[in-house]
Amino acid sequence: MDFLFTPYLATGICAALVVASLFKLLKRPNLNHIPVVGHSSLLESYWFTKGLEVDHARYVQEGLDKYKSGVFRIANLTHWVVCLPRSDLERVARASEDHLSFYHAMDKAVKTEYTFGIGIHGYHHAPLIESHLTRNLSVLYADVRDEIVTACNELLDSKPNEWKTISVVPATLRIASRASNRIFVGLPLCRDPDWLDFNINVPHAVVNEARTLRLLPNFMVPLVAKFVTNLSERTRRGATFLGPVFRERLQHMKAESTDWCDKPNDFLQWWLDTSQETCLTMLTRRIVSLNFAAIHTTSGTLSEALLNLADNPQHAQTLREEVDAVISKYGWTKEALSKMRKVDSFLKETQRFEGLVLLGITRVAMSDITLADGTLIPRGTSVAFPVHAMHHDETVFKNANVFEPFRFSDMRDNESEGSRHQMVALTPEMLSFGMGKRACSGRFFAATMLKTTLAHVVMTYDVKRESGERSPNSLHIGSAIMPNPTAKVMFRKRVN
């Protein structure tokens, strides 16, 4: 038995991992015909990737500058990513899951079956988003705004004429998680600080677990996942929060059938009503995965928008005048949001200028595919578009490297197709929400939260950066773009 505690065991485990990693390297698709940015050796790519963790943007731009409208590949920690030109965008966006798979790309990145307990074919929330959430946003709007205003009152409020310094990222995470969960699980759980902390912290754990699993060949993942993921504990803890709400709702449904006084109108209830999910374990996993998708993306854009506003306080009055004029006529309604073109533009320009990813519209080739220029993409290859660089393309956007908050509202005013330049529009020029069949189904809800928050902030507070504050608004880590976690903004409650 002492053998189990000797260095021999550690050596054996390390050797097994090395062999497994080499096995995975040898099974990768042959991409020798596609030019490389960085080291061309697969074994060297690990060290190259360590550089990409801090300077990914430079290498992507280098590939674009060198290969122009052609394809090139860059190293990820565990595989190559083939970057495609804009000319292939329409084809990829239209492609079916059988040819270019969004879900396999997501599973490759996050290992959903082992980190969330949901297989790649087990996602049921997209149809519910379209059939219940998006179509009922006007009805749900009062609840969304109530949660945003309540959260801002608690997080940002100060005495009149008194400036209050706020760490932006923690504040926006709280606002986004509360507004999202008001529609996911309703009151009072959406205000439970432990439930909010639980969901805010899930992404960090999942990303670390998935990073470990990606190093392994597929045949080893199920076994190793039992030791390196915390799925069981996540599910158990999530169920302790959701369990009482779940059981209360089932009791109402048993006693009063399909309708009762004050029946909740939220995601949890929609799942129960449609009988798509009535198991607490799976409901918990689905609600947690919804939060994973919603909270950090929404809070990331909101953080960047507030930092841009604080950097450019001269634009606050323009936004304020628009919001004041619109709500004077339409009140605080979903319809009013559609009239706030400058608010919409400010947020869309934030997405363009900052963004959340360097590489987007990622897919996995499910069969050999030949691009329009004749380039072969072998089965199993990951492909993506350099969306951040595309958003800074001077041939598409004039003064692309300048933050122009009303760029898109000016376009809407000057062109007949004004809807094309809305924040939620899907176009080849703006790819923040993706494009085609697998575009973000929750973008209308996200835009509603973002526009409501920004409109409320400009009407209620003055905003500026601290004197001498020079920290960047965002950081690049791998292919992700994150709002600077140390950035601070000063808020002062306005006196009307």
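Our structure is the block above this text.
Residues numbered from 1 in each chain as written. Predicted model: local features only at pLDDT ≥ 70, side-chain atom pairs only at ≥ 80, totals over all residues. Heavy atoms only, no water.

Draft legend 1. Structural context of the sheet that holds strand E5 (residues 360-365). In spatial order, the strands read E1-E2-E8-E5-E3; together these 5 strands make up an open sheet with mixed pairing. Strands at the two margins of the open sheet, each flanked by one partner only, are strand E1 (72-75) and strand E3 (100-101). Summarising the sheet, strand E2 (residues 80-83) and strand E8 (residues 382-385) pair through 3 bridges and their orientation is parallel. What sits directly across from Val81, in E8, is Ser382. The strands that helix H4 (residues 102-110) touches are E3, E5 and E8; relative to E5, the one it contacts most, it runs at about 100 degrees. (Pairing = 2+ DSSP bridges. Helix = DSSP H or I, 4+ residues; strand = E, 2+ residues; numbered from the N terminus. Contact = heavy atoms within 4.5 Å. Axes fitted to C-alpha atoms, helices over the stretch in contact; angles between N-to-C directions.)

Draft legend 2. Structural detail: the environment of Tyr141. Here Tyr141 shows up in helix H7 (residues 137-156). Note on Tyr141: relative accessible area 2%, which makes it buried. When the C-alpha positions of Tyr141 and Trp332 are compared, they lie 8.7 Å apart, and in sequence the two are 191 residues distant. Within the structure, Tyr141 has its side chain in polar contact with the side chain of Thr452 (distance 3.0 Å). (Buried < 20%, exposed > 50% of the residue type's maximum accessible area, 1.4 Å probe, protein only. Polar contact = N/O pair within 3.5 Å; in protein donor to acceptor, adjacent residues only side chain to side chain.)

Draft legend 3. Representation of the sheet that holds strand E9 (residues 461-464) within the structure. An order of E4-E12-E9 is seen for the 3 strands of this open sheet, with the pairing classed as antiparallel. With one partner strand each, in any of the chains shown, strand E4 (163-167) and E9 form the two edges of the open sheet. Direction aside, the axes of adjacent strands within the sheet are offset by 30 degrees on average. Pairing between E9 and strand E12 (residues 488-493): 4 bridges, direction antiparallel. Note that in E12 the partner of Asp462 across the bridge is Arg492. Taken strand by strand, helix H8 (residues 168-184) contacts E4 and E12, and its axis lies near 80 degrees from that of E4.

Draft legend 4. The side chain of His456, seen in detail. With respect to the secondary-structure elements, His456 resides in helix H19 (residues 443-460). If we skip the residues at most four places from it in the chain, His456 touches Arg145, Val149, Cys152, Trp332 and Tyr461.

Draft legend 5. View of the pairing of strand E10 (residues 474-477). By the bridge criterion, 4 bridges tie E10 to strand E11 (residues 480-483) in an arrangement that is antiparallel. Looking across to E11, one finds that Leu475 is bridged to Met482. Where E10 folds back on E11, the antiparallel hairpin that results is connected by 2 residues, among which Gly478 adopts a positive phi of roughly 65 degrees.

Draft legend 6. Quick look at the nonpolar core. One finds Leu133, Trp195, Phe267, Leu309, Met340 and Phe491 to be the most contacted residues of the largest nonpolar core, which totals 81 residues. At 13 residues, helix H13 (residues 280-311) tops the list of elements feeding residues into this core. Excluding anything up to four places from it in sequence, Leu309 contacts Ala316, Leu319, Phe346, Leu454, Val457, Val458 and Val463. (Core = buried A, V, L, I, M, F, W, Y, C linked by side-chain atoms within 4.5 Å.)

Draft legend 7. The arrangement of the packing of helix H14 (residues 316-330) against H19 in detail. Where H14 contacts H19, the two axes come as close as 9 Å, and the packing angle between them is 105 degrees. In terms of axis orientation, H14 runs roughly perpendicular to H19. Judged by residue contacts, Ala316, Leu319, Arg320, Val323, Asp324 and Ile327 of H14 engage Ala455, Val458 and Met459 from H19. Considered class by class, the residues forming the contact of H14 with H19 number 7 nonpolar, no polar and 2 charged. (Parallel < 35°, antiparallel > 145°, perpendicular 65-115°, else oblique. Nonpolar A, V, L, I, M, F, W, Y, C, P; charged D, E, K, R; others polar.)

Draft legend 8. Geometry of the packing of helix H9 (residues 193-214) against H13. Between H9 and H13, the shortest axis-to-axis distance is 9 Å and the interhelical angle comes to 80 degrees. One element, H9, and the other, H13, form an angle in the roughly perpendicular class. Here Trp195, Phe198, Asn199, Ile200, Val202, Pro203 and Val206 of H9 lie close against H13, whose contacting residues are Ile287, Val288, Asn291, Phe292, Ile295 and His296.

Draft legend 9. Inspection of the side chain of Thr460 at higher detail. Among the secondary structure elements, Thr460 is positioned in helix H19. On the accessibility criterion, Thr460 (16% relative accessible area) is buried. Within the local environment of Thr460, its side chain forms a polar contact with the backbone oxygen of His456, the two atoms lying 2.7 Å apart. Beyond its immediate stretch of four places on either side in the chain, Thr460 contacts Arg492, Lys493 and Arg494.

Draft legend 10. The pattern of salt bridges, seen in detail. A complete count under the given rule lists 26 salt bridges for this structure. The partner of Glu429 in a salt bridge is Arg420, and the shortest N-O contact between them spans 2.8 Å. Look at Glu429 and you get partly exposed, because its relative accessible area is 26%. The partly exposed category is assigned to Arg420, whose relative accessible area is 31%. For Arg492, the salt bridge goes to Asp462, with nearest N and O atoms at 3.2 Å. Here the residue Arg492 occupies a position in strand E12, and Asp462 occupies one in strand E9, the gap between them amounting to 30 residues. Its relative accessible area of 24% is what places Arg492 among the partly exposed residues. Several salt bridges converge on common partners, so that one network encompasses Asp143, Asp146, Glu147, Glu154, Arg178, Arg182 and Arg191. (Salt bridge = Lys/Arg side-chain N within 4 Å of Asp/Glu carboxyl O.)

Nothing here speaks to function; it is geometry throughout.
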